[in-house]
Amino acid sequence: MEHRKNNQKMMKILVTGALGQLGSELVTGLREEYGVDSVIPTDIRPDEQPNFEVLDVLDKKAMERLIVKHGVTQIYHLAAMLSARGEEMPSKAWRLNIDSLVSVLELAEKHKLDRIYWPSSIAVFGPTSPKENTPQDCIMDPNTIYGISKLSGERLCEYVFNKFDVDVRSLRYPGLIGYKALPGGGTTDYAVDIYHKAKGEGKFSCFLTADTYLPMMYMDDAVRATISLMKAPKENIKVRTSYNISAISFSPAEQAASIKKMIPEFDITYNPDSRQQIAESWPSSIDDSAARRDWGWKEEYDLDKMTEIMLENIETPVSH
Ligand code: SER
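Rules used throughout
Residues numbered from 1 in each chain as written. Predicted model: local features only at pLDDT ≥ 70, side-chain atom pairs only at ≥ 80, totals over all residues. Heavy atoms only, no water. Phe/Tyr/Trp six-rings, centres within 6.5 Å; stacked < 30°, edge-to-face > 60°. Helix = DSSP H or I, 4+ residues; strand = E, 2+ residues; numbered from the N terminus. Lys NZ or Arg CZ within 6 Å of the ring centre and 35° of its normal. Near = heavy atom within 4 Å. Polar contact = N/O pair within 3.5 Å; in protein donor to acceptor, adjacent residues only side chain to side chain. Nonpolar A, V, L, I, M, F, W, Y, C, P; charged D, E, K, R; others polar. Salt bridge = Lys/Arg side-chain N within 4 Å of Asp/Glu carboxyl O. Buried < 20%, exposed > 50% of the residue type's maximum accessible area, 1.4 Å probe, protein only. Pairing = 2+ DSSP bridges. Axes fitted to C-alpha atoms, helices over the stretch in contact; angles between N-to-C directions. Contact = heavy atoms within 4.5 Å. Parallel < 35°, antiparallel > 145°, perpendicular 65-115°, else oblique. Left-handed = near helix turned anticlockwise from the far one by under 90°.

Trainee: Help me out: how do you make sense of the packing of aromatic side chains in this one?
Mentor: The geometry of two aromatic rings is summed up by the distance between their centres and the angle between their planes. Within this structure, the stated rule accounts for 5 aromatic pairs. With a centroid separation of 5.7 Å and an interplanar angle of 80°, the aromatic rings of Tyr243 and Trp295 are classed as edge-to-face. With Tyr243 in strand S12 (residues 243-244) and Trp295 in helix H11 (residues 289-295), the pair connects residues that are 52 residues apart, well separated along the chain. Among the aromatic residues, those joined into a cluster by ring pairs are Tyr76, Tyr117 and Tyr173. A cation over a ring is seen here: Arg240 above Phe161, with NZ or CZ 3.9 Å from the ring centre. Over the aromatic face of Tyr301 sits the side chain of Lys305, whose NZ or CZ is 4.6 Å from the ring centroid.

This is the structure we're talking about:
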């Protein structure tokens, strides 16, 4: 309890998966909010940024050493394997996603950390879940290893909160779209790639069908949602599994139409692959009224606003 009594203790936030699509933007957001020295970015790959540490999240002892070394008070545990890649190596995906979460939660309890953030996903829903305006609580029958790991992780988070008072908070992210870093191995990745190809080559072959609606969110909204959830008073957090959160839902055809407003000659073709089946098992839109009620969530970006920002900021790649 010593840690919790001392309110003056400096906030030190350890971020895992800090070089990933979300991590690279969340680290920037956290540094703007709390200062560069309050954030310890970690990843399995090395990097040059301030306070950076190499960390394999499956190495619990190394994680504990970093907690002690930096006097860590919060962890944002982002390292994970996403849906499409997970289907290629399910055992590895399960171990990475679940074993690392168990380590983080055990260390949080042992070292009396103030708060933990852990991302969940729309992938916790499955073919039998309601498709439109999917509620916070409903039938959940994920059929990807990624979704199964996220649903199990959610139950674990709620369990350690109830049993050990570990203040762990979570959001069920939709597909995240930003221009600074590329996603890897997800089913919603097309919605980022489409902007790169539109700008670079003027055409795009989509791995989902034209009318596959999925919930999506611009990265700045995701970073703001995450930081406001983590700042909210403990008593406001009523959902201890993971909050539904949403911003925009669209299909590849609608996204292409939005791009055509800026690049009229843009051409899209559809060649669905195995990811189509994953997308079809997920909601097309999400009811996030609990997040709006409990901690004031509201999105700022719609499809056209996001398209404009993405097309303005993506650097034109070299075509091969
Ligand atoms: N964006 C993730 C994926 O496609 C879902 O959380 O796997």
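Picking up where we left off.
Trainee: What am I meant to see in the site of the ligand here?
Mentor: Neighbouring the ligand are Leu82, Ser83, Ser121, Tyr146, Gly186, Thr187, Thr188 and Trp282. Measuring from an oxygen atom of the ligand, one finds a backbone N or O atom of Thr187 at 2.6 Å. A distance of 2.8 Å is found between a nitrogen atom of the ligand and a side-chain nitrogen or oxygen belonging to Thr188. Split into classes, the residues belonging to the shell around the ligand amount to 3 nonpolar, 5 polar and no charged.

Trainee: Is there a simple way to explain the pattern of salt bridges in this structure?
Mentor: A side chain of one charge can pair with a side chain of the opposite charge if their charged atoms are brought near each other. Tallying each qualifying case throughout the model produces 21 salt bridges. Between Lys180 and Glu25 there is a salt bridge, with the nearest N and O atoms lying 3.7 Å from each other. In this pair, Lys180 is assigned in the loop between strand S9 (175-177) and helix H7 (190-200) and Glu25 in helix H2 (residues 21-34), connecting sequence segments 155 residues apart. Among the residues examined, Glu25 registers a relative accessible area of 7% and is labelled buried. The partner of Asp304 in a salt bridge is Lys261, with the nearest N and O atoms 2.7 Å apart. Taken together, the positions of Asp304 in helix H12 (residues 303-313) and Lys261 in the loop between helix H9 (252-260) and strand S14 (267-270) put the pair 43 residues apart, joining distant regions of the chain. Through salt bridges with shared partners, a single network forms among Arg115, Asp167, Arg169 and Arg240.

Trainee: Sorry if this is basic, but what is going on with the sheet that holds strand S13 (residues 248-250) here?
Mentor: Within a sheet, neighbouring strands are paired by backbone hydrogen bonds and run either parallel or antiparallel to one another. The 3 strands lie next to each other as S9-S11-S13, forming an open sheet whose pairing is mixed. A single partner strand is all that each edge strand has here, and the edge strands are S9 and S13. Neighbour-to-neighbour, the strand axes of the sheet open up by a mean angle of 40°, direction not taken into account. By the bridge criterion, 3 bridges tie strand S11 (residues 214-218) to S13 in an arrangement that is antiparallel. In the strand pairing of S13, Pro215 is matched with Ser249. Across the sheet, helix H8 (residues 219-231) is in contact with S9 and S11; its angle to S11 comes to roughly 80°.

Trainee: Is there a simple way to think about the sheet that holds strand S4 (residues 74-77) in this case?
Mentor: Pairing within the open sheet is parallel, and its 6 strands lie in the order S3-S2-S1-S4-S5-S7. For this open sheet the edge positions go to strand S3 (53-54) and strand S7 (168-169), each flanked by a neighbour on one side alone. Two elements, strand S5 (residues 115-117) and S7, share 2 bridges in a ladder whose sense is parallel. Residue pairing in the sheet places Tyr117 in a bridge with Arg169 of S7. Lying over the sheet, H8 contacts S4, S5 and S7, oriented at roughly 155° with respect to S5.

Trainee: What is the right way to read the packing of helix H3 (residues 60-70) against helix H5 (residues 90-110) from this model?
Mentor: Closest axis-to-axis distance for the H3/H5 pair is 10 Å, and the angle between their directions is 40°. Relative to H5, the element H3 lies oblique. Relative to H5, H3 is oriented so that their crossing is right-handed. Two secondary-structure elements touch here, H3 through Lys60, Met63, Glu64 and Ile67 and H5 through Ser103, Val104, Glu106, Leu107 and Lys110. Looking at the contact of H3 with H5 residue by residue, the classes come out as 4 nonpolar, 1 polar and 4 charged.

Trainee: Can you help me understand the side chain of Gln74 in this one?
Mentor: One can find Gln74 in strand S4. Aside from chain neighbours lying at most four places away, what touches Gln74 is Met11, Lys12, Ile13, Leu14, Arg115 and Met230.

Trainee: Explain the pairing of strand S10 (residues 203-206) to me, please; I cannot follow it from the model alone.
Mentor: Put simply, side chains in a regular strand alternate between the two faces of the sheet. Across the two faces of S10 the burial differs, with Phe204 and Cys206 buried and Lys203 and Ser205 not buried at all. Bridge count for S10 against S14 is 4 bridges, and the pairing is parallel. Paired with Cys206 across the bridge in S14 is Tyr270.

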